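Descriptive analysis of the structure
So you can see what is in the structure, the chains are spelled out below.
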Amino acid sequence: MSFFSIFTNSGEITSIKGKKVPLYQGGYNQKILYISGMAMSISKSQNSPAMEIAQAIVEHLSRNSASLFNVKVVPPGWIHIELVDSTLAAWLHCLTVSGNEECSLEQSEQAKSKISVPNRQLTNSLTIFKIQYAHSRCCSLLCTAEKEGLIELDRTNIKSFVSVNPISWLNCDQKLRINHADESFLIYQLVKVVDDLVCADSGSSINWSKAGENLSQAFERFWCNCRIWGEVKIHDPELAQARLGLLIATQLVLRSVLEDKLGIVAPVEL
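So, here is what we can say about the structure in this document. The structure displayed is predicted, hence computed values, not measured ones. For every chain, the first residue of its written sequence is number 1, and the numbers climb from 1 along that sequence. Since the coordinates come from a predicted model, pLDDT governs what is reported: local features require at least 70, and pairs of side-chain atoms require 80 or more to be given and counted, while whole-chain, interface and lining totals use all residues. Side-chain measures were taken over the full set of non-hydrogen atoms in the model, leaving aside hydrogen atoms and water.

Examining unusual backbone geometry
Of note, the amide linkage connecting Pro 75 to Pro 76 takes the cis form, showing an omega dihedral of 5 degrees. Positionally, Pro 76 belongs in the loop between β3 (69-74) and β4 (78-83). At Gln 174, a position not held by glycine, the phi torsion is positive, near 60 degrees. Under the DSSP-based scheme used, a helix requires at least four consecutive residues in state H or I and a strand at least two consecutive residues in state E, with every element numbered from the N terminus.

Some thoughts on the sheet that holds β3
Here four strands make up an open sheet; going across it, the order is β1-β2-β4-β3 and the pairing antiparallel. Strand pairing shows two members of the sheet lacking a second neighbour, β1 (24-25) and β3, which therefore form its edges. Pairing between two strands is assigned when DSSP locates at least 2 bridges connecting them. Where strand β2 (residues 33-36) lies against β4, four bridges are found, and the strand directions are antiparallel. Bridge assignment links Leu 33 to a residue of β4, and that residue is Glu 82. Only heavy atoms enter the contact rule, under which two residues are in contact if any of them lie within 4.5 Å. Between N-to-C directions, angles span 0 to 180 degrees; the directions come from axes that are lines fitted to C-alpha atoms, helices contributing only their stretch in contact. The strands that helix α3 (residues 50-65) touches are β3 and β4; relative to β3, the one it contacts most, it runs at about 170 degrees.

Concerning the side chain of His 135
Position of His 135 relative to the elements: it lies in helix α6 (residues 125-147). Residues contacting His 135, with those up to four places away along its chain left out, are Gln 251, Leu 254, Arg 255, Leu 258, Ala 266 and Pro 267.

Let's talk about the pairing of β4
The side chains of a regular strand alternate, first on one face of the sheet and then on the other. Here six bridges tie β3 to β4, and the two strands are oriented antiparallel to one another. For Asn 70, the partnering residue across the bridge sits in β4 and is Glu 82.

Written out as structure tokens, the structure reads:
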């Protein structure tokens, strides 16, 4: 990644020349965290302690990209990169609002180049039904919300549900409105699956039925515990719309998993 240039732009660092610098998504802790072991991987070739290299990289990132993420060093030399709320809001905006084709999964050449051949023999029919049900449920809820005037959807593409108008993801304090534990977990799963759809190495092996199942289960948790109608719709319509935005993102990602990776129809209704 270009923001590691403090060390990676040096032609003298032969240990990483021509190689990618991997980032690994951290475990769920109500935040989106990436972890890099770059400092440890080059410490020997640089004849410098990993902690010293990591600290230099973190200082560089903090000076140049503080508005995008928070960074810190964790012994013995890990670099932790946590996305801030405004970055997540911008990402969700790209996924959910019409007119952002450059951000959409369909327009990602990387995603298209990694479409896998479906292996139906290894796909559990119950798991597939769960994913299809979650997808159709998202579609149904969005249609209901549109009929009730909560959101205006662009249905130019009959398979896609995107919002015509921007969604207010951030509150007056520039924090995500959607901060319930189950909302955060759904966002975590969305980021995880989109990373795999768009950024996974061509040689990596991803269990797409499991990825889809995990996302559909996160959606069920969200839907059971995060209301959209009733008092929320009346007293906090912006929160209701943000939760509908999560449904838009979930529908889009589930459809990509079903159609592009599993080669199975993504039903609008069951």
